[in-house]
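Residue strings, one per chain:
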Amino acid sequence: MANVMTRLEPDTRAAARGLSDLTIRNLFIIPTIAFLIIFNVFPLLYSLWTSFTDFRASTTAPANWIGLENYRELLSDEFIWRNFTITAKYVLISVSGQVVVGFGLAMLLNRQIPMKGLITTLLLLPMMLSMAVVGLFWKLLYDPSFGIINYFLGLGKFEWLADPQVALYAVAIVDIWMWSPFVMLLSLAGLSAVPKHLYEAAEIDRASSLYTFFRITLPLVAPILMIAIIFRTMEAFKTFDHAYILSSQPTTELIAIRLYKMAFLEWQTGMSSAFAYIVLIMVVAITNIYVKYLNRAKAR
Amino acid sequence: MARIELANVQKFFGSVQVLKDVNLTIEDGEFVVMLGQSGCGKTTTLRAIAGLETVSSGTITIDGREVQDLKAGDRDIAFVFQSFSLYPHMTVEENIAFPLRAVSSSRAERESEVKEVARFLGIERLLSRRPSALSGGDMQRVAIGRALVRRPKALLMDEPIGALDAKLREQMRAEIKRLHIARNSTSVYVTHDQVEAMSLADRIVVMHNGVLQQVGAPDEVYLHPANLFVAQFVGSPVMNVADVAVEGAGTDALLRIGRAEGFRVPGGAVAHLNGAATKLGIRPEAVLLTREPGQGGIETETTNVEPLGSHDIVDVRIGGETLRARCESGFARGEGEKVWVSLDPERAHFFDAATGQSMRRAG
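Because the structure is predicted, anything quoted here is derived from the model rather than measured.

Some words on the overall build of chain B
Here is step 1: Across its full length, chain B holds 8 helices and 20 strands.
Here is step 2: Along the first, second and third principal axes, the C-alpha set of chain B runs to 75 × 45 × 35 Å.
Here is step 3: Counting only residues that meet the buried cut, chain B has 53% of its 363 residues in that class.
Here is step 4: The long-range fraction of contacts in chain B, counting pairs at least 24 apart against all pairs at least 6 apart in sequence, stands at 66%.
Here is step 5: Put simply, chain B shows about 15700 Å² of open surface, and 46% of that area lies on carbon and sulfur atoms.
Here is step 6: In chain B, 42 side chains carry a positive charge and 47 a negative one; their mean positions are 5 Å apart.

Here is the structure:
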């Protein structure tokens, strides 16, 4: 290994400070790799192994290899499928809501307006809060008797979180509130990258503003918007914190919540590892579809 | 096709006035080139005609209709941008068809129009490609195709070939000329390249600091520049300009540059100057160099020689000023060669030293 290492030229500043490539390797790269192996790679492989066993972390009983039994059981469990359906619905509502709101805000901000920087920063605030905190105070906002939302919307004692038909939407609204700024930020970058002269050309070409939006703006921002959607979909799939805090309805039991219960309330460690792997495979698959589309959009 | 008229057009960007009382009429079917340095207001004028820029005051009429308050799309003009401005995510065909699709014309009509324009510009084989796969010249052909496909009243071009390399520029120049002759469209063309202006224009509009300096046919602008700015902007190499003292006005007068011995010219050529402070402007081809002392020649030495193939540009010093002369190639081999300089009085221009305006002989 050492002979492939390039030595620093003796008169460079790093060399003058006494940091050789070898020192840099020992000082920074090795600890990082060690850290990654201990905290990422090992748990990943270990959980893969436990997913094929009946291991329970709450007992001292040894883990027995049961092959694909966990997977078979999970995939034939009607309740698990319901968790998946709920999650799919949640991801769809939440991500599409964020795209509409985020992109809309970006369109509004993508022009010369006074105090644009301040407005942008303020709009980004929700994103910077802790998800658990967001969950706690939205619980107050949603409160049927003293919540400010019902007060402003004049909904009386409307049950946002207790009504099983509404609770999932209520959770999705919080996610939309929190993460629309993220979509807005990326969209804003995409929008400002569209050359102004293309809009001028379209104006000369007699295109209406709606036609310009659908034929020029949207296709050109699509790749970066796609990146935002990929990130948000992955995140939405693993939503836990605020959903767990806001509601305990069976209709809001997302896969992450189910997984948490399975792993840490029911202590089915092997089963929950298998569950986590199924989710992982699904997220990777969905992301791949997006990435394919993204590459196609970028190829243009 | 259309007649475009600008009357008292003013434009301010904040407190900076970029167009100062611009009055200009572009006749139907005419090819007008707006020439000037960057920042002189020529592009702003063009964009104001197109509707991409509002004017602060004044009127713009196209075919008798006032358009200064109309949107660009309602003025029925086409615009070719320097940056081509092709839609990157569309094929060449979609790009050219865009102005037709935007007003939802029928598919059959669209296809036949696009084909016709593509054939005319020789880009049929490129129709399925995307702009990123095109050369600069082809990109500009597509941009021109997109402008022509809707048969606009006028074609406005903002340095359309400025981004191309020299050889391609020459080729595209010829193509634009051919296109204009074939379609006879009213065209306004902005450039800072005076060769482009001379070769394309029916009339050249020279602009400087937001003011029209001179409007005229290319030869008129070249042969009779209205002022010092035009004189020095049009022509390559630039016109020689020097302070000159005019002595005597009889049959023979003397033009003295600095402390040098004067050039002897017929008195009639300078009689109208009335002894005012004057600048002499003389193009390099009117500075005559000889190897032998001839009539009225002043003896001097060459200071620099630029061989250009078809001719050489030879610099000489007269009375502390450098005069550039256009000579046949091989006239002088280098600096320090003894030559005799005379001026062609018929091709000498005189300018008021204070205002820079041309002082032309009456008649």
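Details of the overall build of chain A
Here is step 1: Secondary structure summary: chain A contains 13 helices and 0 strands in total.
Here is step 2: Taken against the 2.2 N^0.38 rule, which gives 19 Å for 300 residues, the C-alpha radius of gyration of chain A at 25 Å runs more than 25% over that of a compact globule.
Here is step 3: Oriented by its inertia axes, the alpha-carbon framework of chain A measures out at about 75 × 70 × 35 Å.
Here is step 4: In chain A, buried positions account for 38% of the 300 residues.
Here is step 5: Considering only residue pairs separated by 6 or more positions, chain A has 67% of its internal contacts joining residues 24 or more positions apart.

Comments concerning the interface of chain B and chain A
In many analyses, interface size is given as the accessible surface area lost on bringing the parts together.
Here is step 1: In this complex, chain B contributes 26 residues to the contact, which on the side of chain A involves 16 residues.
Here is step 2: Here chain B and chain A share an interface that buries about 2000 Å² over both sides, 60% of which is from carbon and sulfur atoms.
Here is step 3: Counting the surface chain B buries against chain A, the share from its top three residues, B:Tyr87, B:His89 and B:Phe98, is 25%.
Here is step 4: Between B:Arg47 and A:Glu200 there is a salt bridge, with its nearest N and O atoms 2.5 Å apart.
Here is step 5: There are 7 residue pairs in polar contact (both at pLDDT 80 or more) connecting chain B and chain A.
Here is step 6: Secondary-structure elements contributing two or more residues to the side of chain B that touches chain A are α1 (42–50), β6 (77–80) and α2 (92–102) of chain B.
Here is step 7: Broken down by element, the side of chain B that touches chain A gets its largest block of residues, 4 residues, from α2(B).
Here is step 8: For the side of chain B that touches chain A, a count of residues per class yields 15 nonpolar, 5 polar and 6 charged.

Thoughts on the nonpolar core
Residue and element names in this part refer to chain A.
Here is step 1: Of all hydrophobic cores here, the largest spans 54 residues; its most connected members are Leu-74, Tyr-90, Tyr-142 and Phe-275.
Here is step 2: Elements with a minimum of two residues in this core: α3 (69–75), α4 (78–109), α6 (131–142), α8 (167–192), α10 (209–237), α11 (241–246), α12 (255–265) and α13 (269–299).
Here is step 3: Ranked by residues supplied to this core, first place goes to α8 with 12 residues.
Here is step 4: Excluding its chain neighbours within four sequence positions, the residues that come into contact with Tyr-90 are Leu-168, Val-171, Ala-172, Asp-175, Ala-236, Thr-239, His-242 and Leu-254.

Re the domain arrangement of chain B
Residues and elements named next belong to chain B.
Here is step 1: Structurally, chain B comprises domain 1 (4–233) and domain 2 (240–352).
Here is step 2: If you average the C-alpha positions of domain 1 and of domain 2, the two centres end up 40 Å apart.
Here is step 3: Facing the 9 residues of domain 1 at the interface are 6 residues of domain 2.
Here is step 4: Together domain 1 and domain 2 conceal approximately 640 Å² of surface at their shared face, both sides included; 61% is due to carbon and sulfur atoms.
Here is step 5: On the domain 1 side of the contact with domain 2, Tyr-222, Leu-228 and Ala-231 bury the most area, a combined 68% of that side's loss.
Here is step 6: Linking domain 1 with domain 2 are 0 salt bridges, by the criterion used here.
Here is step 7: Where domain 1 meets domain 2, there are 2 residue pairs in polar contact (both at pLDDT 80 or more).
Here is step 8: Mapped onto the side of domain 1 that touches domain 2, the elements with two or more residues apiece are α7 (218–223) and α8 (228–233).
Here is step 9: When grouped by side-chain class, the residues that make up the side of domain 1 that touches domain 2 number 6 nonpolar, 3 polar and no charged.

Some words on helix α5 (residues 166–183) of chain B
Residues and elements named next belong to chain B.
Here is step 1: Compared with the 26 Å implied by 1.5 Å per residue over 18 residues, the 26 Å span of α5 between its first and last C-alpha is a close match.
Here is step 2: If you check which residues of α5 are buried, you get Leu-168, Met-172, Arg-173, Glu-175, Ile-176, Leu-179 and His-180.
Here is step 3: On the buried face of α5, the contacting elements are β3 (31–35), α3 (107–121), α4 (136–148), β7 (154–158), β8 (186–191) and α6 (194–200).

Topic: the pairing of strand β19 (residues 338–343) of chain B
Looking along a regular strand, one sees side chains alternate from face to face of the sheet.
All names here are of chain B.
Here is step 1: Most of β19 sits inside the fold, with 5 of its 6 residues counted as buried.
Here is step 2: Bridge count between strand β15 (residues 287–290) and β19: 4 bridges; the pairing is antiparallel. By the bridge assignment for β19, Val-287 is matched with Leu-343.
Here is step 3: The pairing of strand β16 (residues 298–307) with β19 spans 4 bridges and is antiparallel. Its bridge partner being in β19, Thr-300 is matched across the sheet by Val-339.

A short note on the pairing of strand β14 (residues 278–282) of chain B
Residues and elements named next belong to chain B.
Here is step 1: Summarising burial for β14: 4 of the 5 residues are buried, a large majority.
Here is step 2: The pairing of strand β11 (residues 240–247) with β14 spans 5 bridges and is classified as antiparallel. What sits directly across from Val-241, in β14, is Gly-281.
Here is step 3: For β14 and strand β20 (residues 348–352), the ladder comprises 5 bridges, and the chain directions are antiparallel.

Regarding the sheet that holds strand β13 (residues 263–266) of chain B
Residues and elements named next belong to chain B.
Here is step 1: Across the sheet, 5 strands lie side by side as β13-β12-β11-β14-β20; this open sheet has antiparallel pairing. Edge strands, defined here as strands with exactly one partner in the open sheet, are β13 and β20. Each adjacent strand pair in this sheet contributes to an overall mean axis angle of 40°, direction not counted.

Some thoughts on the side chain of B:Gln68
All names here are of chain B.
Here is step 1: In this fold, Gln-68 is placed in the loop between β5 (65–66) and β6.
Here is step 2: Of note is the side chain of Gln-68, whose polar atom sits 2.9 Å from the side chain of Glu-66.
Here is step 3: If we skip the residues at most four places from it in the chain, Gln-68 touches Val-55, Gly-58, Thr-59, Ile-60 and Arg-75.

Procedures and definitions
- Residues numbered from 1 in each chain as written.
- Chains lettered and ligands numbered in written order.
- Predicted model: local features only at pLDDT ≥ 70, side-chain atom pairs only at ≥ 80, totals over all residues.
- Heavy atoms only, no water.
- Helix = DSSP H or I, 4+ residues; strand = E, 2+ residues; numbered from the N terminus.
- Buried < 20%, exposed > 50% of the residue type's maximum accessible area, 1.4 Å probe, protein only.
- Contact = heavy atoms within 4.5 Å.
- Areas by Shrake-Rupley, 256 points an atom, 1.4 Å probe, with all protein chains shown as cover.
- Lys, Arg positive; Asp, Glu negative; His and termini not counted.
- Charge placed at Lys NZ, Arg CZ, Asp CG, Glu CD.
- Rg over C-alpha atoms; globule rule 2.2 N^0.38 Å.
- Buried area = accessible area lost by both parts, 1.4 Å probe.
- Salt bridge = Lys/Arg side-chain N within 4 Å of Asp/Glu carboxyl O.
- Polar contact = N/O pair within 3.5 Å; in protein donor to acceptor, adjacent residues only side chain to side chain.
- Nonpolar A, V, L, I, M, F, W, Y, C, P; charged D, E, K, R; others polar.
- Core = buried A, V, L, I, M, F, W, Y, C linked by side-chain atoms within 4.5 Å.
- Domains from an automatic or database assignment.
- Expected span 1.5 Å × (residues − 1).
- Pairing = 2+ DSSP bridges.
- Axes fitted to C-alpha atoms, helices over the stretch in contact; angles between N-to-C directions.

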